[in-house]
Amino acid sequence: MTQLQATKIEELKNSFRGEILLPGSDAYESARKIWNAMIDRHPALIARCATTSDVVHAVNFARDNGLVLAVRGGGHNIAGNAMCDDGIVIDLSQMKAANVDPNTRRVTIEGGATLADLDAATQAHGLATPVGINSTTGVAGLTLGGGFGWLSRKYGMTIDNLESAEVVTAAGEVLHASATQHPDLFWALRGGSGNFGVVTRFEFRLHPVGPDVLSGLIVYPISEAKSVLQRYRDFLAKAPDDLSVWTLLRQAPPLPFLPKEVHGKGIVALALLYVGDPKQGEPLIEPLRKFGTPAGEHVGVQPYTAWQKAFDPLLTAGARNYWKSHNLSTLKDGLFDVVIDYVGKLPSPQCEIFFGALGGATTRPTPDSAAYAHRDARFVMNVHCRWENSADDERCIRWARDFFKASAPFASGGVYVNFLTADEGDRVRSAYGPNYDRLAQVKRRYDPDNLFHMNQNITPT
Ligand SMILES: Cc1cc2nc3c(=O)[nH]c(=O)nc-3n(C[C@H](O)[C@H](O)[C@H](O)COP(=O)(O)OP(=O)(O)OC[C@H]3O[C@@H](n4cnc5c(N)ncnc54)[C@H](O)[C@@H]3O)c2cc1C
(Lines give C-alpha, C1' and ligand atoms only; values in the text may rest on other atoms or scores of the structure.)
Protein backbone atom coordinates (compact mmCIF):
# COMPACT_ATOMS: atom_id res chain seq x y z
CA MET A 1 0.00 0.00 0.00
CA THR A 2 1.31 3.41 -0.90
CA GLN A 3 0.81 6.35 1.48
CA LEU A 4 -1.92 7.60 -0.88
CA GLN A 5 -3.74 4.31 -0.60
CA ALA A 6 -3.30 4.30 3.22
CA THR A 7 -5.01 7.68 3.34
CA LYS A 8 -7.74 6.41 1.07
CA ILE A 9 -8.30 3.38 3.29
CA GLU A 10 -9.10 5.83 6.09
CA GLU A 11 -11.61 7.53 3.78
CA LEU A 12 -13.14 4.14 2.90
CA LYS A 13 -13.45 3.30 6.60
CA ASN A 14 -15.36 6.53 7.19
CA SER A 15 -18.00 5.67 4.62
CA PHE A 16 -18.22 1.99 5.55
CA ARG A 17 -20.78 0.31 7.84
CA GLY A 18 -18.97 -3.07 7.97
CA GLU A 19 -15.36 -3.78 8.92
CA ILE A 20 -12.09 -3.15 7.12
CA LEU A 21 -9.64 -5.92 8.06
CA LEU A 22 -5.93 -5.26 7.61
CA PRO A 23 -2.88 -7.57 7.85
CA GLY A 24 -1.68 -8.13 11.39
CA SER A 25 -5.04 -8.74 13.04
CA ASP A 26 -6.50 -12.11 14.06
CA ALA A 27 -9.73 -11.21 12.28
CA TYR A 28 -7.79 -10.68 9.02
CA GLU A 29 -5.95 -13.98 9.46
CA SER A 30 -9.16 -15.91 9.92
CA ALA A 31 -10.99 -14.01 7.12
CA ARG A 32 -8.30 -14.81 4.54
CA LYS A 33 -8.77 -18.58 5.05
CA ILE A 34 -11.09 -20.26 2.59
CA TRP A 35 -12.41 -23.81 2.19
CA ASN A 36 -9.48 -25.17 0.16
CA ALA A 37 -6.31 -25.02 2.30
CA MET A 38 -4.19 -25.10 -0.90
CA ILE A 39 -5.07 -21.40 -1.25
CA ASP A 40 -2.87 -19.20 0.96
CA ARG A 41 -3.24 -15.61 -0.22
CA HIS A 42 -2.63 -12.27 1.47
CA PRO A 43 -4.85 -9.42 0.27
CA ALA A 44 -3.94 -5.85 1.19
CA LEU A 45 -7.34 -5.44 2.79
CA ILE A 46 -10.55 -7.32 3.34
CA ALA A 47 -13.70 -5.21 3.15
CA ARG A 48 -16.24 -7.13 5.20
CA CYS A 49 -19.42 -5.52 3.93
CA ALA A 50 -22.62 -5.05 5.91
CA THR A 51 -24.78 -3.43 3.21
CA THR A 52 -25.11 -3.03 -0.54
CA SER A 53 -23.82 0.51 -0.10
CA ASP A 54 -20.61 -0.92 1.49
CA VAL A 55 -20.20 -3.09 -1.61
CA VAL A 56 -20.56 -0.01 -3.84
CA HIS A 57 -17.87 1.82 -1.83
CA ALA A 58 -15.53 -1.18 -2.00
CA VAL A 59 -16.01 -1.66 -5.77
CA ASN A 60 -15.38 2.05 -6.37
CA PHE A 61 -12.29 1.92 -4.13
CA ALA A 62 -10.84 -1.05 -6.03
CA ARG A 63 -11.54 0.48 -9.45
CA ASP A 64 -10.33 3.99 -8.63
CA ASN A 65 -7.11 2.72 -7.06
CA GLY A 66 -6.34 0.12 -9.71
CA LEU A 67 -6.45 -2.74 -7.18
CA VAL A 68 -7.00 -6.40 -7.92
CA LEU A 69 -10.51 -7.22 -6.71
CA ALA A 70 -11.77 -10.57 -5.40
CA VAL A 71 -15.28 -11.33 -4.15
CA ARG A 72 -15.94 -13.85 -1.42
CA GLY A 73 -19.38 -15.43 -1.09
CA GLY A 74 -19.13 -18.71 0.83
CA GLY A 75 -15.39 -19.07 0.07
CA HIS A 76 -15.86 -22.65 -1.14
CA ASN A 77 -14.66 -22.50 -4.69
CA ILE A 78 -11.90 -25.01 -5.38
CA ALA A 79 -9.98 -22.52 -7.57
CA GLY A 80 -9.65 -20.08 -4.66
CA ASN A 81 -10.89 -17.05 -6.57
CA ALA A 82 -12.55 -15.66 -3.44
CA MET A 83 -9.11 -14.54 -2.27
CA CYS A 84 -6.34 -12.53 -3.96
CA ASP A 85 -2.81 -11.45 -3.19
CA ASP A 86 -2.18 -7.72 -2.54
CA GLY A 87 -5.56 -6.39 -3.71
CA ILE A 88 -8.93 -6.00 -2.01
CA VAL A 89 -11.41 -8.74 -1.09
CA ILE A 90 -15.09 -7.90 -0.89
CA ASP A 91 -16.17 -10.29 1.86
CA LEU A 92 -19.92 -10.85 1.97
CA SER A 93 -19.90 -13.35 4.83
CA GLN A 94 -21.89 -11.03 7.13
CA MET A 95 -24.60 -10.40 4.53
CA LYS A 96 -26.87 -13.40 5.02
CA ALA A 97 -30.34 -11.99 5.67
CA ALA A 98 -33.21 -14.01 4.20
CA ASN A 99 -36.84 -13.09 3.76
CA VAL A 100 -39.45 -15.68 2.73
CA ASP A 101 -42.89 -14.90 1.40
CA PRO A 102 -44.80 -18.18 1.73
CA ASN A 103 -47.78 -16.81 -0.22
CA THR A 104 -45.90 -15.99 -3.39
CA ARG A 105 -43.35 -18.78 -2.69
CA ARG A 106 -40.36 -16.49 -3.03
CA VAL A 107 -37.23 -15.95 -0.95
CA THR A 108 -34.81 -13.05 -1.12
CA ILE A 109 -31.41 -13.75 0.37
CA GLU A 110 -28.18 -11.75 0.60
CA GLY A 111 -25.02 -12.62 -1.31
CA GLY A 112 -23.01 -14.01 1.62
CA ALA A 113 -25.51 -16.65 2.72
CA THR A 114 -24.67 -20.34 2.80
CA LEU A 115 -26.94 -23.14 1.63
CA ALA A 116 -27.65 -23.88 5.32
CA ASP A 117 -28.91 -20.29 5.78
CA LEU A 118 -31.15 -20.59 2.73
CA ASP A 119 -32.51 -24.03 3.65
CA ALA A 120 -33.18 -22.97 7.27
CA ALA A 121 -35.19 -19.92 6.15
CA THR A 122 -37.23 -21.69 3.47
CA GLN A 123 -37.83 -24.97 5.34
CA ALA A 124 -39.43 -23.00 8.18
CA HIS A 125 -42.31 -22.78 5.65
CA GLY A 126 -41.92 -26.30 4.18
CA LEU A 127 -40.41 -24.80 1.03
CA ALA A 128 -37.06 -25.14 -0.78
CA THR A 129 -35.22 -24.37 -3.99
CA PRO A 130 -32.61 -26.68 -5.56
CA VAL A 131 -29.08 -26.07 -4.27
CA GLY A 132 -25.96 -28.21 -3.66
CA ILE A 133 -25.24 -31.08 -1.31
CA ASN A 134 -22.86 -29.47 1.19
CA SER A 135 -24.57 -26.96 3.45
CA THR A 136 -21.55 -24.72 4.05
CA THR A 137 -21.27 -23.83 0.33
CA GLY A 138 -22.11 -20.24 -0.61
CA VAL A 139 -25.43 -19.54 -2.33
CA ALA A 140 -23.72 -16.88 -4.49
CA GLY A 141 -20.92 -18.83 -6.16
CA LEU A 142 -23.11 -21.91 -6.54
CA THR A 143 -25.93 -19.98 -8.19
CA LEU A 144 -23.70 -17.93 -10.48
CA GLY A 145 -22.18 -21.13 -11.91
CA GLY A 146 -25.53 -22.92 -12.36
CA GLY A 147 -26.12 -24.92 -9.16
CA PHE A 148 -27.50 -28.43 -8.81
CA GLY A 149 -28.33 -30.87 -6.04
CA TRP A 150 -30.90 -33.38 -4.79
CA LEU A 151 -33.92 -31.37 -6.00
CA SER A 152 -32.60 -30.59 -9.48
CA ARG A 153 -34.10 -33.50 -11.41
CA LYS A 154 -37.48 -32.33 -10.16
CA TYR A 155 -37.10 -28.55 -10.07
CA GLY A 156 -34.10 -27.77 -12.30
CA MET A 157 -30.80 -26.03 -11.75
CA THR A 158 -30.58 -23.31 -9.10
CA ILE A 159 -30.49 -20.71 -11.89
CA ASP A 160 -33.73 -22.09 -13.32
CA ASN A 161 -35.35 -20.89 -10.10
CA LEU A 162 -33.70 -17.47 -10.00
CA GLU A 163 -36.30 -14.73 -10.34
CA SER A 164 -34.09 -11.66 -9.98
CA ALA A 165 -30.81 -10.36 -8.58
CA GLU A 166 -29.47 -7.11 -7.18
CA VAL A 167 -26.05 -6.44 -8.70
CA VAL A 168 -23.31 -3.90 -8.04
CA THR A 169 -21.58 -3.35 -11.39
CA ALA A 170 -17.98 -2.37 -12.12
CA ALA A 171 -19.19 1.23 -12.50
CA GLY A 172 -20.55 1.09 -8.93
CA GLU A 173 -24.18 1.16 -10.06
CA VAL A 174 -26.81 -0.91 -8.26
CA LEU A 175 -28.95 -2.73 -10.85
CA HIS A 176 -31.96 -4.97 -10.49
CA ALA A 177 -31.66 -7.75 -13.07
CA SER A 178 -34.59 -9.96 -14.06
CA ALA A 179 -36.33 -11.26 -17.16
CA THR A 180 -37.66 -7.73 -17.75
CA GLN A 181 -34.95 -5.48 -16.29
CA HIS A 182 -31.45 -5.69 -17.79
CA PRO A 183 -32.37 -9.07 -19.33
CA ASP A 184 -28.91 -9.45 -20.92
CA LEU A 185 -27.28 -9.17 -17.49
CA PHE A 186 -29.85 -11.54 -15.99
CA TRP A 187 -29.11 -14.06 -18.74
CA ALA A 188 -25.34 -13.80 -18.08
CA LEU A 189 -25.65 -14.12 -14.30
CA ARG A 190 -27.34 -17.50 -14.72
CA GLY A 191 -24.16 -19.51 -15.27
CA GLY A 192 -21.59 -16.85 -16.22
CA SER A 193 -19.94 -17.03 -12.81
CA GLY A 194 -18.80 -13.86 -10.97
CA ASN A 195 -17.86 -12.02 -14.16
CA PHE A 196 -20.56 -9.37 -14.23
CA GLY A 197 -20.65 -7.70 -10.83
CA VAL A 198 -21.21 -8.39 -7.15
CA VAL A 199 -24.60 -9.94 -6.49
CA THR A 200 -25.80 -8.57 -3.19
CA ARG A 201 -29.26 -10.16 -3.22
CA PHE A 202 -30.87 -13.13 -4.95
CA GLU A 203 -34.59 -13.81 -5.33
CA PHE A 204 -35.58 -17.47 -5.85
CA ARG A 205 -38.82 -19.30 -6.56
CA LEU A 206 -39.66 -21.98 -3.98
CA HIS A 207 -41.40 -25.36 -4.03
CA PRO A 208 -43.05 -27.48 -1.36
CA VAL A 209 -40.41 -29.90 -0.02
CA GLY A 210 -40.59 -32.05 3.13
CA PRO A 211 -39.93 -30.89 5.75
CA ASP A 212 -39.32 -34.67 6.11
CA VAL A 213 -38.01 -36.58 3.11
CA LEU A 214 -37.07 -40.15 2.27
CA SER A 215 -33.30 -40.12 1.89
CA GLY A 216 -30.09 -41.94 2.79
CA LEU A 217 -27.34 -44.28 1.67
CA ILE A 218 -27.17 -47.86 0.38
CA VAL A 219 -23.60 -49.13 0.37
CA TYR A 220 -22.09 -51.97 -1.68
CA PRO A 221 -18.56 -53.42 -1.55
CA ILE A 222 -16.22 -52.30 -4.32
CA SER A 223 -16.06 -55.91 -5.56
CA GLU A 224 -19.63 -55.40 -6.84
CA ALA A 225 -18.98 -51.93 -8.25
CA LYS A 226 -19.24 -52.74 -11.96
CA SER A 227 -22.63 -54.41 -11.83
CA VAL A 228 -23.92 -51.87 -9.29
CA LEU A 229 -22.91 -49.02 -11.62
CA GLN A 230 -24.47 -50.73 -14.64
CA ARG A 231 -27.74 -51.27 -12.78
CA TYR A 232 -27.62 -47.74 -11.44
CA ARG A 233 -27.35 -46.38 -14.99
CA ASP A 234 -30.27 -48.49 -16.23
CA PHE A 235 -32.39 -47.72 -13.17
CA LEU A 236 -31.88 -43.97 -13.40
CA ALA A 237 -32.75 -43.88 -17.11
CA LYS A 238 -36.31 -44.87 -16.13
CA ALA A 239 -36.57 -43.22 -12.69
CA PRO A 240 -39.08 -40.40 -12.13
CA ASP A 241 -37.81 -36.85 -11.67
CA ASP A 242 -38.87 -36.99 -8.01
CA LEU A 243 -36.08 -39.45 -7.29
CA SER A 244 -32.44 -38.45 -7.32
CA VAL A 245 -29.65 -41.01 -6.85
CA TRP A 246 -25.94 -40.18 -6.92
CA THR A 247 -23.06 -42.66 -6.69
CA LEU A 248 -19.91 -42.24 -4.69
CA LEU A 249 -16.82 -44.44 -4.82
CA ARG A 250 -14.27 -44.17 -2.03
CA GLN A 251 -12.94 -45.90 1.08
CA ALA A 252 -15.68 -46.45 3.66
CA PRO A 253 -15.61 -43.91 6.48
CA PRO A 254 -16.27 -45.39 9.97
CA LEU A 255 -20.03 -44.93 9.72
CA PRO A 256 -21.93 -46.66 12.53
CA PHE A 257 -24.31 -48.49 10.16
CA LEU A 258 -21.41 -50.20 8.35
CA PRO A 259 -19.78 -53.32 9.85
CA LYS A 260 -16.29 -52.60 11.26
CA GLU A 261 -14.62 -54.87 8.70
CA VAL A 262 -15.91 -52.60 5.90
CA HIS A 263 -14.35 -49.42 7.38
CA GLY A 264 -11.44 -48.26 5.26
CA LYS A 265 -12.34 -50.67 2.43
CA GLY A 266 -13.47 -49.64 -1.05
CA ILE A 267 -17.20 -49.05 -1.44
CA VAL A 268 -19.72 -47.78 -3.95
CA ALA A 269 -22.47 -45.86 -2.18
CA LEU A 270 -25.85 -44.91 -3.64
CA ALA A 271 -27.04 -41.64 -2.09
CA LEU A 272 -30.72 -40.91 -2.65
CA LEU A 273 -33.50 -38.46 -2.03
CA TYR A 274 -37.16 -38.76 -2.98
CA VAL A 275 -38.83 -35.35 -3.23
CA GLY A 276 -42.48 -36.38 -2.76
CA ASP A 277 -44.48 -38.28 -0.14
CA PRO A 278 -42.07 -40.79 1.48
CA LYS A 279 -44.72 -43.55 1.28
CA GLN A 280 -44.77 -43.26 -2.49
CA GLY A 281 -40.98 -43.22 -2.63
CA GLU A 282 -40.48 -46.45 -0.64
CA PRO A 283 -41.46 -48.92 -3.39
CA LEU A 284 -39.54 -46.88 -5.95
CA ILE A 285 -36.25 -47.21 -4.11
CA GLU A 286 -36.67 -50.94 -3.37
CA PRO A 287 -34.78 -52.06 -6.53
CA LEU A 288 -31.71 -50.08 -5.34
CA ARG A 289 -31.35 -52.63 -2.52
CA LYS A 290 -31.18 -55.47 -5.03
CA PHE A 291 -28.22 -54.33 -7.13
CA GLY A 292 -26.08 -56.89 -5.23
CA THR A 293 -25.43 -57.69 -1.58
CA PRO A 294 -25.33 -54.39 0.34
CA ALA A 295 -22.63 -53.95 3.00
CA GLY A 296 -25.06 -51.71 4.89
CA GLU A 297 -27.77 -49.12 4.50
CA HIS A 298 -29.01 -46.05 6.28
CA VAL A 299 -32.22 -44.92 4.61
CA GLY A 300 -35.19 -43.34 6.32
CA VAL A 301 -37.49 -40.39 6.63
CA GLN A 302 -35.59 -37.43 8.03
CA PRO A 303 -35.72 -33.62 7.86
CA TYR A 304 -34.63 -32.29 4.47
CA THR A 305 -32.26 -29.90 6.30
CA ALA A 306 -30.57 -32.90 7.99
CA TRP A 307 -29.99 -34.66 4.64
CA GLN A 308 -28.63 -31.39 3.23
CA LYS A 309 -25.95 -31.59 5.96
CA ALA A 310 -25.31 -35.34 5.73
CA PHE A 311 -22.07 -34.95 3.75
CA ASP A 312 -20.73 -31.95 5.71
CA PRO A 313 -18.50 -34.08 8.01
CA LEU A 314 -16.65 -35.47 4.95
CA LEU A 315 -16.27 -32.01 3.40
CA THR A 316 -15.04 -29.79 6.20
CA ALA A 317 -12.90 -26.72 5.46
CA GLY A 318 -9.15 -26.76 5.96
CA ALA A 319 -8.01 -29.84 3.99
CA ARG A 320 -5.96 -29.68 0.80
CA ASN A 321 -8.11 -30.30 -2.26
CA TYR A 322 -7.67 -30.79 -5.99
CA TRP A 323 -10.53 -31.62 -8.35
CA LYS A 324 -11.01 -32.74 -11.93
CA SER A 325 -14.40 -33.00 -13.54
CA HIS A 326 -16.14 -34.15 -16.70
CA ASN A 327 -19.73 -33.76 -17.87
CA LEU A 328 -21.23 -36.99 -19.17
CA SER A 329 -24.27 -37.52 -21.35
CA THR A 330 -24.15 -41.33 -20.92
CA LEU A 331 -22.36 -43.76 -18.62
CA LYS A 332 -20.39 -46.33 -20.62
CA ASP A 333 -19.12 -49.67 -19.32
CA GLY A 334 -15.55 -48.71 -20.28
CA LEU A 335 -15.78 -45.70 -17.97
CA PHE A 336 -16.76 -47.96 -15.07
CA ASP A 337 -13.59 -50.03 -15.66
CA VAL A 338 -11.43 -46.88 -15.48
CA VAL A 339 -13.23 -45.63 -12.36
CA ILE A 340 -12.84 -48.96 -10.56
CA ASP A 341 -9.17 -49.16 -11.52
CA TYR A 342 -8.46 -45.70 -10.07
CA VAL A 343 -10.55 -46.26 -6.93
CA GLY A 344 -8.24 -49.24 -6.38
CA LYS A 345 -5.29 -46.83 -6.08
CA LEU A 346 -6.74 -43.85 -4.20
CA PRO A 347 -3.80 -41.71 -3.02
CA SER A 348 -5.49 -40.74 0.27
CA PRO A 349 -8.40 -42.15 2.33
CA GLN A 350 -10.38 -38.94 1.77
CA CYS A 351 -10.34 -39.02 -2.06
CA GLU A 352 -13.48 -39.97 -3.93
CA ILE A 353 -15.06 -40.13 -7.37
CA PHE A 354 -18.72 -39.29 -7.63
CA PHE A 355 -21.44 -39.21 -10.26
CA GLY A 356 -23.92 -36.40 -9.57
CA ALA A 357 -27.17 -37.15 -11.39
CA LEU A 358 -28.73 -34.40 -13.48
CA GLY A 359 -31.35 -35.16 -16.12
CA GLY A 360 -35.06 -34.50 -15.61
CA ALA A 361 -35.87 -30.80 -15.30
CA THR A 362 -32.22 -29.74 -15.76
CA THR A 363 -32.29 -30.86 -19.40
CA ARG A 364 -35.54 -29.15 -20.49
CA PRO A 365 -34.54 -25.49 -20.98
CA THR A 366 -32.75 -24.76 -24.25
CA PRO A 367 -28.95 -24.34 -24.04
CA ASP A 368 -29.21 -20.64 -24.87
CA SER A 369 -31.96 -19.84 -22.35
CA ALA A 370 -29.32 -18.91 -19.76
CA ALA A 371 -25.52 -18.65 -19.73
CA TYR A 372 -25.29 -22.20 -18.33
CA ALA A 373 -25.23 -24.18 -21.58
CA HIS A 374 -24.82 -27.85 -20.70
CA ARG A 375 -28.41 -29.03 -20.84
CA ASP A 376 -27.22 -32.31 -22.39
CA ALA A 377 -25.32 -33.29 -19.23
CA ARG A 378 -26.98 -36.25 -17.51
CA PHE A 379 -24.17 -36.68 -14.99
CA VAL A 380 -21.37 -34.57 -13.62
CA MET A 381 -18.44 -36.74 -12.61
CA ASN A 382 -16.13 -35.14 -10.09
CA VAL A 383 -12.81 -36.48 -8.95
CA HIS A 384 -12.52 -35.04 -5.53
CA CYS A 385 -8.98 -35.53 -4.27
CA ARG A 386 -8.51 -34.46 -0.66
CA TRP A 387 -5.61 -34.88 1.76
CA GLU A 388 -3.94 -33.23 4.76
CA ASN A 389 -0.18 -32.74 4.20
CA SER A 390 1.55 -30.62 1.57
CA ALA A 391 4.12 -33.42 1.20
CA ASP A 392 1.36 -35.41 -0.55
CA ASP A 393 0.43 -32.63 -3.02
CA GLU A 394 2.25 -34.00 -6.03
CA ARG A 395 1.16 -37.61 -5.57
CA CYS A 396 -2.50 -36.70 -5.05
CA ILE A 397 -2.67 -34.18 -7.89
CA ARG A 398 -1.00 -36.65 -10.25
CA TRP A 399 -3.56 -39.34 -9.43
CA ALA A 400 -6.44 -36.92 -10.16
CA ARG A 401 -4.90 -35.77 -13.44
CA ASP A 402 -4.14 -39.32 -14.58
CA PHE A 403 -7.70 -40.41 -13.86
CA PHE A 404 -9.04 -37.35 -15.64
CA LYS A 405 -7.04 -38.24 -18.77
CA ALA A 406 -8.01 -41.90 -18.67
CA SER A 407 -11.71 -41.05 -18.35
CA ALA A 408 -11.73 -38.25 -20.97
CA PRO A 409 -12.74 -40.53 -23.90
CA PHE A 410 -16.08 -41.16 -22.18
CA ALA A 411 -16.91 -37.50 -21.48
CA SER A 412 -19.16 -35.08 -23.38
CA GLY A 413 -16.52 -32.32 -23.60
CA GLY A 414 -18.44 -29.85 -21.43
CA VAL A 415 -17.53 -29.09 -17.84
CA TYR A 416 -19.28 -27.49 -14.88
CA VAL A 417 -17.63 -24.10 -14.29
CA ASN A 418 -17.94 -24.43 -10.51
CA PHE A 419 -15.75 -27.54 -10.47
CA LEU A 420 -12.82 -26.04 -12.40
CA THR A 421 -9.51 -25.63 -10.58
CA ALA A 422 -7.15 -22.65 -10.86
CA ASP A 423 -4.95 -24.34 -13.49
CA GLU A 424 -7.77 -25.02 -15.96
CA GLY A 425 -7.87 -21.71 -17.84
CA ASP A 426 -7.82 -23.71 -21.08
CA ARG A 427 -11.21 -25.25 -20.17
CA VAL A 428 -13.06 -21.97 -19.59
CA ARG A 429 -14.55 -21.99 -23.10
CA SER A 430 -15.72 -25.58 -22.58
CA ALA A 431 -17.34 -24.49 -19.33
CA TYR A 432 -19.40 -21.74 -20.97
CA GLY A 433 -19.91 -23.76 -24.12
CA PRO A 434 -21.62 -22.19 -27.15
CA ASN A 435 -22.68 -19.23 -24.98
CA TYR A 436 -19.12 -17.92 -24.55
CA ASP A 437 -19.22 -15.30 -27.32
CA ARG A 438 -22.51 -13.82 -26.15
CA LEU A 439 -21.14 -13.74 -22.60
CA ALA A 440 -18.07 -11.85 -23.82
CA GLN A 441 -20.37 -9.22 -25.35
CA VAL A 442 -22.36 -8.81 -22.13
CA LYS A 443 -19.05 -8.62 -20.27
CA ARG A 444 -17.95 -5.75 -22.50
CA ARG A 445 -21.14 -3.90 -21.70
CA TYR A 446 -21.04 -4.28 -17.90
CA ASP A 447 -17.32 -4.75 -17.15
CA PRO A 448 -15.27 -3.50 -20.14
CA ASP A 449 -12.04 -3.22 -18.12
CA ASN A 450 -12.41 -6.68 -16.58
CA LEU A 451 -12.45 -5.43 -12.98
CA PHE A 452 -14.11 -8.73 -12.02
CA HIS A 453 -11.46 -11.14 -13.23
CA MET A 454 -10.90 -13.31 -10.15
CA ASN A 455 -13.17 -16.03 -11.54
CA GLN A 456 -13.23 -18.43 -14.50
CA ASN A 457 -12.74 -15.37 -16.58
CA ILE A 458 -14.58 -14.19 -19.67
CA THR A 459 -12.55 -11.53 -21.45
CA PRO A 460 -14.65 -8.64 -22.78
CA THR A 461 -14.76 -8.69 -26.59
C1 LIG B 1 -17.55 -29.46 -0.69
C2 LIG B 1 -18.21 -28.85 -1.87
C3 LIG B 1 -19.39 -29.38 -2.35
C4 LIG B 1 -20.00 -28.83 -3.48
N5 LIG B 1 -21.17 -29.36 -3.93
C6 LIG B 1 -21.81 -28.76 -4.97
C7 LIG B 1 -23.08 -29.22 -5.41
O8 LIG B 1 -23.64 -30.17 -4.87
N9 LIG B 1 -23.67 -28.58 -6.45
C10 LIG B 1 -23.09 -27.52 -7.07
O11 LIG B 1 -23.70 -26.97 -7.98
N12 LIG B 1 -21.88 -27.07 -6.68
C13 LIG B 1 -21.24 -27.66 -5.65
N14 LIG B 1 -20.02 -27.21 -5.25
C15 LIG B 1 -19.34 -26.18 -6.05
C16 LIG B 1 -19.77 -24.80 -5.62
O17 LIG B 1 -20.97 -24.49 -6.28
C18 LIG B 1 -18.69 -23.79 -6.01
O19 LIG B 1 -17.52 -24.07 -5.30
C20 LIG B 1 -19.14 -22.36 -5.76
O21 LIG B 1 -18.32 -21.49 -6.50
C22 LIG B 1 -19.09 -22.01 -4.31
O23 LIG B 1 -19.64 -20.77 -4.08
P24 LIG B 1 -19.09 -19.88 -2.87
O25 LIG B 1 -19.89 -18.64 -2.83
O26 LIG B 1 -18.99 -20.69 -1.64
O27 LIG B 1 -17.61 -19.64 -3.39
P28 LIG B 1 -16.59 -18.46 -3.42
O29 LIG B 1 -15.27 -19.13 -3.41
O30 LIG B 1 -16.85 -17.43 -2.38
O31 LIG B 1 -16.86 -17.80 -4.83
C32 LIG B 1 -16.80 -18.52 -6.03
C33 LIG B 1 -16.71 -17.56 -7.22
O34 LIG B 1 -17.88 -16.76 -7.28
C35 LIG B 1 -17.57 -15.38 -7.07
N36 LIG B 1 -18.55 -14.83 -6.15
C37 LIG B 1 -18.82 -15.26 -4.89
N38 LIG B 1 -19.81 -14.55 -4.36
C39 LIG B 1 -20.19 -13.65 -5.30
C40 LIG B 1 -21.19 -12.64 -5.36
N41 LIG B 1 -22.01 -12.41 -4.34
N42 LIG B 1 -21.29 -11.90 -6.48
C43 LIG B 1 -20.47 -12.12 -7.53
N44 LIG B 1 -19.50 -13.06 -7.54
C45 LIG B 1 -19.38 -13.81 -6.43
C46 LIG B 1 -16.17 -15.37 -6.50
O47 LIG B 1 -15.48 -14.22 -6.81
C48 LIG B 1 -15.55 -16.59 -7.12
O49 LIG B 1 -15.07 -16.28 -8.40
C50 LIG B 1 -19.40 -27.73 -4.12
C51 LIG B 1 -18.21 -27.19 -3.63
C52 LIG B 1 -17.62 -27.74 -2.51
C53 LIG B 1 -16.33 -27.18 -2.03
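To be clear, the structure that these remarks concern was listed above.
Owing to the predicted nature of the structure, the values given are computational and were not obtained by experimental measurement.

Draft legend 1. Representation of the overall build of the protein chain in the model. In terms of regular secondary structure, the protein chain is built from 14 helices and 18 strands. Relative to its length of 461 residues, the protein chain is compact, with a C-alpha radius of gyration of 22 Å against a globular reference of 23 Å. Projected onto the principal axes, the alpha-carbon positions of the protein chain cover approximately 70 × 55 × 40 Å. When burial is assessed residue by residue, the protein chain has 58% of its 461 residues classed as buried. Of the contacts made within the protein chain by residues no fewer than 6 positions apart, 74% connect residues no fewer than 24 positions apart. Roughly 17500 Å² of accessible area belongs to the protein chain as shown, and the carbon and sulfur atoms make up 51% of that amount.

Draft legend 2. Focus on the site of the ligand. Inspection of the region around the ligand gives 35 residues, with Val71, Gly73, Gly75, Phe148 and Tyr416 positioned closest. Contact between the ligand and Val71: an oxygen atom at 2.8 Å from a main-chain N or O atom of the residue. In the complex, the protein chains occlude 97% of the 950 Å² of accessible area that the ligand would expose alone. Broken down by secondary-structure element, the contributors of at least two residues to the shell around the ligand are strand E3 (69-72), helix H5 (139-145) and strand E10 (198-205). In terms of residue count, the dominant contributor to the shell around the ligand is H5 (four residues).

Draft legend 3. Highlighting the pattern of salt bridges. The full count for this structure, using the stated rule, is 31 salt bridges. Between Lys96 and Asp117 there is a salt bridge, with the nearest N and O atoms lying 2.8 Å from each other. Note that Lys96 is positioned in the loop between strand E4 (88-91) and strand E5 (98-101) and Asp117 in helix H4 (residues 115-123), a separation of 21 residues in sequence. The exposure class of Asp117 is partly exposed, given its relative accessible area of 25%.

Draft legend 4. Spotlight on unusual backbone geometry. Note the cis peptide between Gly210 and Pro211, where omega equals 10°. As for its placement among the helices and strands, Pro211 is situated in the loop between strand E11 (207-208) and strand E12 (212-221). Positive phi, close to 75°, is recorded for Asp86, a residue that is not glycine. Locating Asp86 in the fold gives a position in the loop between E3 and E4.

Draft legend 5. The layout of surface pockets, seen in detail. Size it by volume and the largest pocket reaches roughly 340 Å³. Forming the boundary of the largest pocket are 18 residues, of which Leu217, Leu255, Phe257, Ala310 and Phe311 lie nearest the centre. Residues of the lining of the largest pocket, tallied by class, amount to 15 nonpolar, two polar and one charged. Space inside the second largest pocket adds up to approximately 210 Å³. Together, 16 residues line the second largest pocket, and Arg153, Leu236, Ala237, Arg378 and Phe379 are the ones closest to its centre. Here the element with the most residues in the lining of the second largest pocket is helix H8 (residues 225-238); it accounts for three residues. By residue class, the composition of the lining of the second largest pocket is six nonpolar, five polar and five charged.

Draft legend 6. Examining helix H11 (residues 333-343) more closely. Buried residues of H11: Leu335, Phe336, Val338, Val339, Tyr342 and Val343, and no others. What you see down the axis of H11 is that its buried residues fit within an arc of 160°, all on one side.

Draft legend 7. Summary view of H8. Compared with an ideal rise of 1.5 Å per residue, which puts 14 residues at 20 Å, H8 spans 20 Å between its outermost C-alpha atoms and is within 8% of the ideal. Restricting attention to buried positions, one finds in H8 the residues Ala225, Val228, Leu229, Tyr232, Phe235 and Leu236. The arc enclosing the buried residues of H8, seen along the axis, measures out at 130°, which places them on a common side. Facing away from the buried side of H8, by more than 90 degrees, are the exposed residues Ala237 and Lys238.

Rules used in this analysis
Residues numbered from 1 in each chain as written. Predicted model: local features only at pLDDT ≥ 70, side-chain atom pairs only at ≥ 80, totals over all residues. Heavy atoms only, no water. Helix = DSSP H or I, 4+ residues; strand = E, 2+ residues; numbered from the N terminus. Rg over C-alpha atoms; globule rule 2.2 N^0.38 Å. Buried < 20%, exposed > 50% of the residue type's maximum accessible area, 1.4 Å probe, protein only. Contact = heavy atoms within 4.5 Å. Areas by Shrake-Rupley, 256 points an atom, 1.4 Å probe, with all protein chains shown as cover. Near = heavy atom within 4 Å. Polar contact = N/O pair within 3.5 Å; in protein donor to acceptor, adjacent residues only side chain to side chain. Salt bridge = Lys/Arg side-chain N within 4 Å of Asp/Glu carboxyl O. 1 Å grid on protein atoms, 1.4 Å probe; cavity = no way out; pocket = protein on both sides within 12 Å on 5 of 7 lines; lining within 4 Å. Points joined across faces, edges and corners; volume = space filled by probe spheres on them. Nonpolar A, V, L, I, M, F, W, Y, C, P; charged D, E, K, R; others polar. Arc of directions from axis to C-beta. Expected span 1.5 Å × (residues − 1).

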